[in-house]
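Examining the three-dimensional arrangement
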Amino acid sequence: MNDYQSQNVADYPNDNTYFLVWSFKPNVDIAKIFKRICALIANINNSALDRFPDSSSSCILGISYSAWLKLDLLKPLPKELKPFSEIKGAKHTAPATVGDLHFHIRSDRKSYAYDISAIISDFLGAYAECIVEVHGFRYWDGRSILGFVDGTENPHGNDRAYFSVIGDTDPVYRGGSYLFVQKYVHNMNAWKSLSVKEQENVIGRSKDNDIEMDDDVKPSNSHIALANIGDDFKIVRDNMPFGNTATNEMGTYFLAYASTFSTIEKMLENMFIGNPPGNYDRILDFSTAKTGTLFFVPSLDMLDSFSS
Ligand code: HEM
């Protein structure tokens, strides 16, 4: 798996993230715009490496199924690239929402994230509409806004690329990744009305020290009991909290990279439908998914070929 380069998907989360979803406007020359966007992303990343080498700055571009078809990109498509279909449980639903391009901008410096987002907006504004813009931030020691550390069981070291980047299973798309995103809004008033012990039962870990509960006490409807589908099926999550204290809109932008989308889909089914069905993820009683879109992140080589 070394003869290609992937976009910066396997990197660790850092302090500031802008998440953007854009959709093309009708009747624009999207082939030309897309070509220029791919060149711009390469330029942005090269420039970041040169100007701010220690700031972990990068911008990752994802392309949805709808955009892939509109742009008439390579066929056959990446094996698991399809429109995300809503997952409906008895009580909670993971909605499917539209979007053509996803930009995941990360940096230790907020100024960088802001500048890159502004450059993208300046360029795309005439041809596309930004339908989601979320500014995520590192909350204390990597906690979600619910107060629990988020990311502990992510793969580490070489495992990050192993679980997030496509290898020989889909040779044309080696070095690419599936990217799945959801914007969740939390009901903080309901969450805060729980005792710490009750909150720990929802997550399946201790709040202060982030220690996993023993299997014999961990509730079967806790988040980690349902999201963990086995050590061979991991994903690289790069969730970030966001929050507006005046409007009380607090949330988690869930973002995952994976070498197969079916892994993420299985986790979603466990959470929303339940395992067994009906035993759904209790975190959903405090978290509403507002969006849900699947994208494909091409390798750097493929991105380069799209720009010429
Ligand atoms: C409401 C949004 C979400 C929040 C606030 C959240 C938060 C958390 C927290 C606090 C943990 C425990 C620490 C850790 O290992 O990271 C965790 C674990 C995990 N989450 Fe989530 N999560 C959310 C949504 C999701 C979704 C949608 C998925 C999958 C599609 C997912 C997959 C996982 C996985 C795989 C683990 C690790 C389980 C383990 O192996 O122990 N999460 N999440």
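Structural data are supplied above this passage.
Below, the structure is looked at part by part. Worth saying up front: this structure is predicted, and the values here are computed from it rather than measured.

1. Quick word on the site of the ligand
- The immediate surroundings of the ligand are formed by 24 residues, with Glu 153, Ala 227, Asn 228, Met 267 and Ser 287 found nearest.
- Looking at the shell around the ligand, the elements with two or more residues in it are strand S7 (177–186), helix H7 (223–227), strand S10 (249–258) and helix H8 (261–272).
- A breakdown of the residues in the shell around the ligand according to their chemical character gives 12 nonpolar, 8 polar and 4 charged.

2. Considerations on the environment of Gly 147
- Tracing the sequence through the fold places Gly 147 in the loop between strand S6 (128–137) and helix H4 (158–164).
- A count of 17 C-beta atoms within 10 Å places Gly 147 in the partly exposed class.
- Separated by 52 residues in sequence, Gly 147 and Gln 199 have C-alpha atoms that sit 9.4 Å apart.

3. Here we look at the nonpolar core
- Ranked by internal contacts, the top residues of the largest apolar core, which has 75 residues, are Leu 61, Phe 180, Ala 256, Tyr 257, Ala 258, Ile 264 and Val 297.
- The contacts of Val 297, once residues within four sequence positions are left out, are Gln 7, Val 9, Ile 60, Leu 61, Gly 62, Gly 176, Ser 177, Leu 179 and Tyr 257.

4. Some words on helix H3 (residues 110–124)
- Taking 1.5 Å as the rise per residue, H3 with 15 residues should run 21 Å; its terminal C-alpha atoms sit 21 Å apart, in good agreement.
- All of the buried residues in H3 are Tyr 112, Ala 113, Ile 116, Ile 120 and Leu 124. The buried side chains of H3 occupy one side of the element, clustering within an arc of 100 degrees when seen end-on. Those residues of H3 that are exposed and angled more than 90 degrees off the buried face are Ser 111, Ala 118 and Asp 122.
- On its buried face, H3 is in contact with strand S1 (16–24), helix H1 (30–51), strand S2 (58–64), strand S5 (101–107) and S6.

5. Points about H1
- Over its 22 residues, H1 extends 30 Å from the first C-alpha to the last, a length consistent with the 32 Å expected when each residue adds 1.5 Å.
- Looking only at H1, the buried set comprises Phe 34, Ile 37, Cys 38, Ile 41, Ile 44, Asn 45 and Ala 48. When H1 is viewed along its axis, its buried side chains cluster within an angular range of 120 degrees and face the same direction. In H1, the exposed positions that point more than 90 degrees away from the buried face belong to Lys 32, Asn 46, Ser 47, Asp 50 and Arg 51.
- The elements touched by buried residues of H1 are S2, H3 and helix H9 (300–306).

6. Description of the environment of Lys 234
- Here Lys 234 lies in the loop between H7 and strand S8 (236–237).
- On a C-alpha basis, the gap between Lys 234 and Ser 107 in space is 24 Å, while along the polypeptide they are 127 residues apart.
- Every residue in contact with Lys 234, bar those within four places of it in the chain, is listed here: Pro 155 and Phe 163.

7. Overview of the pairing of S10
- Burial runs high along S10: 8 of the 10 residues are buried.
- Where S7 and S10 come together, 9 bridges link them in antiparallel fashion. Across the sheet, residue Tyr 184 finds its bridge partner in S10, namely Thr 252.
- Of the pairings in the sheet, the one linking S8 to S10 comprises 2 bridges and is antiparallel in character. Looking at the pairing, Val 236 lines up with Tyr 257 of S10.
- Where strand S9 (residues 240–244) folds back onto S10 in an antiparallel hairpin, the turn is made up of 4 residues, including Asn 248, whose phi is positive at roughly 65 degrees.

About the criteria used
Residues numbered from 1 in each chain as written. Predicted model: local features only at pLDDT ≥ 70, side-chain atom pairs only at ≥ 80, totals over all residues. Near = placed C-beta within 6 Å. Helix = DSSP H or I, 4+ residues; strand = E, 2+ residues; numbered from the N terminus. Nonpolar A, V, L, I, M, F, W, Y, C, P; charged D, E, K, R; others polar. Buried ≥ 20, exposed ≤ 12 C-beta atoms within 10 Å, placed from the backbone. Core = buried A, V, L, I, M, F, W, Y, C linked by C-beta atoms within 7 Å. Contact = placed C-beta atoms within 7 Å. Expected span 1.5 Å × (residues − 1). Arc of directions from axis to C-beta. Pairing = 2+ DSSP bridges.

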